[in-house]
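This is what each chain is made of:
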Amino acid sequence: MNLTLSNRPGLTSRLFRTARTAVAALSVSLVVLGGASAEDYPEMTLKFGHPYNETHPLAKGAQMFADKVKEKSGGKITIQVFPNSTIGSSRELVESAQIGVVDFALVPTTNVASFYPPLDIFYLPFLFRDSEHAYAVSDGPVGQALYDGLQKQTGIHTLAMYESGFRTITTRDKKIEMPDDMKGVKFRVVNNPLNVATFKALGANPTPMALSEVFTGLQQGTVDGQDNPVGNVKAFGFDKVQGNITLSRHQWAGIMFLASDSLWQKSPDNVKELFKETAIETQDWERKELNAVEATYLDEMAKGGMVVTRLTPEQAAAFQKAMEPVWAEYKDKIGAELIQSAVEAK
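Below you will find a few notes about this structure.

Cut-offs used in this document
Think of each chain on its own: its residues are numbered from 1, step by step along the sequence as written. In keeping with the predicted nature of the model, local features appear solely for residues at pLDDT of at least 70, side-chain atom pairs appear and are counted solely at 80 or more, and the whole-chain, interface and lining totals rest on all residues. Excluding hydrogens and water, the side-chain figures rest on all heavy atoms present in the structure. Working convention: axes come from line fits to C-alpha atoms, limited for helices to the stretch in contact. Angles between N-to-C directions cover 0 to 180 degrees. Strands are runs of DSSP state E lasting at least two residues, helices are runs of H or I lasting at least four, and both sets are numbered from the N terminus onward. Roughly parallel covers angles under 35 degrees, roughly antiparallel covers those over 145, roughly perpendicular covers 65 to 115, and oblique covers all other angles. Left-handed describes a crossing whose near helix is turned anticlockwise from the far helix by less than a right angle; the clockwise case is right-handed. Throughout, a contact is declared for two residues whenever any of their heavy atoms are within 4.5 Å. Three classes are used, and their members are as follows: Ala, Val, Leu, Ile, Met, Phe, Trp, Tyr, Cys and Pro are nonpolar, Asp, Glu, Lys and Arg are charged, and the others, Gly among them, are polar. Pairing of aromatic rings covers Phe, Tyr and Trp, the last counted by its six-membered ring, and requires centre-to-centre distances within 6.5 Å; plane angles under 30 degrees mean stacked, over 60 mean edge-to-face, and any other angle means tilted. Exposure is judged per residue with a 1.4 Å probe applied to protein chains only, and the accessible area is read against the type maximum: over 50% gives exposed, under 20% gives buried, and values in between give partly exposed. When DSSP locates at least two bridges between a pair of strands, those strands are taken to pair. Clockwise travel from the first strand over the helix to the second, with the strands pointing away from the viewer, marks a crossover as right-handed.

1. Quick word on the packing of helix 5 (residues 131-139) against helix 11 (residues 269-303)
Argument step 1. Following both chains from N to C, one finds helix 5 and helix 11 inclined at 160°, their axes separated by 13 Å at the closest point. On the basis of their axis angle, the class for helix 5 and helix 11 is roughly antiparallel. Crossing geometry of helix 5 relative to helix 11 is assigned as right-handed. Residues Ser131, Tyr135, Ser138 and Asp139 of helix 5 form the contact with helix 11, whose own contacting residues are Gln283, Arg287 and Asn291.
Argument step 2. Here the residues of the contact of helix 5 with helix 11 sort into one nonpolar, four polar and two charged.

Right under this line is the structure:
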């Protein structure tokens, strides 16, 4: 017997109801598992600027963020990434984010502190015991309070905190093992009064300079040394014009993942959630990647002829003591209670 659905109206009705139920259940499951569908996202083309070389984990993290946002939004949100300070120095990127010319930016805390001084806490010398302590501060209540304060004062939102690691000291000819070795050295520093004060405390001759200008300054002898994390030293080729690197670990370089307020105001809630979720996801990847490659970078630099100096506990203590005047100078500017909260963060 040849049965067709048209011959069985009751069966047809039941099958259609079952199918509709299954489709509805599948739709709910997809929403629960995958969040908003691609159709829910608006068409957007955005700009993301940062000062880092494309080989750096920070640059790779920024590109990964752009790629993931595009994928998750079904291609509707495109983020153009501009590395190597091509659309502005760190300070200029903050200014651009304030007026909405740039939508996202990666900027060191010390540069953002020029716009919101309490962020100077991140660069107090020897504040952080190790990476986990730095993460506890940046990801915990202390960090959130700082990000809220930055937003209220400047409008800029903080979505995550990437890192470039603990800073080192590099010099062309002079090996640095004790604070006195820094006396008289023409030394490039970040353009922030706290960084200037830090190396003045060592007796160096600090010269503020944008990151994009450092290689030329070292090559031409405008400065004899500089301080940067291992990843920056390698990515920007400073090891080619510097003979020595001292793993002083005197400051931790947190890199703020910023979003402009104009972007935030025009973005629906699901887009904001997409940005926040993806920023944290790539933050975690970037941190792991950066710490994984540091040993490789140091090995490559040593093989290239650079002298790597690891401080003994006594030598590190001598640097810490020499930099104590910076704490005294900035205690009231930053706030003693805030500093104590950071020191005790776990």
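Following the structure, the description resumes.
2. Remarks on the packing of aromatic side chains
Argument step 1. Counting across every chain of the model gives 15 aromatic pairs.
Argument step 2. The interplanar angle of 45° and the centroid separation of 6.4 Å between the aromatic rings of Phe122 and Trp252 together place this pair among those described as tilted. A residue pair is termed long-range when its members are at least 10 positions apart, and Phe122 in the loop between helix 4 (109-112) and helix 5 and Trp252 in strand 9 (residues 252-259) qualify at 130 residues.
Argument step 3. Here Tyr162 and Phe257 contribute two aromatic rings whose centre-to-centre distance is 5.5 Å and whose plane-to-plane angle is 70°, an arrangement assigned as edge-to-face. Within this pair, whereas Tyr162 is found in strand 4 (residues 157-171), its partner Phe257 is found in strand 9, the two being separated by 95 residues in sequence.
Argument step 4. A relative accessible area of 0% means that Phe257 is categorised as buried.
Argument step 5. Among the aromatic residues, those joined into a cluster by ring pairs are Phe48, Phe65, Phe104, Tyr162, Phe257 and Phe275.

3. Remarks on the pairing of strand 1 (residues 44-49)
Argument step 1. Judged from the six bridges that link them, strand 1 and strand 2 (residues 77-82) form a sheet pairing that is parallel. Considered in strand 2, the bridge of Phe48 is made with Val81.
Argument step 2. Note on the crossover from strand 1 through helix 2 (residues 57-72) to strand 2: the handedness is right-handed.
Argument step 3. Inspection of the sheet shows strand 1 paired to strand 3 (residues 104-108) by two bridges, in the parallel sense. Across the sheet, residue Phe48 finds its bridge partner in strand 3, namely Phe104.

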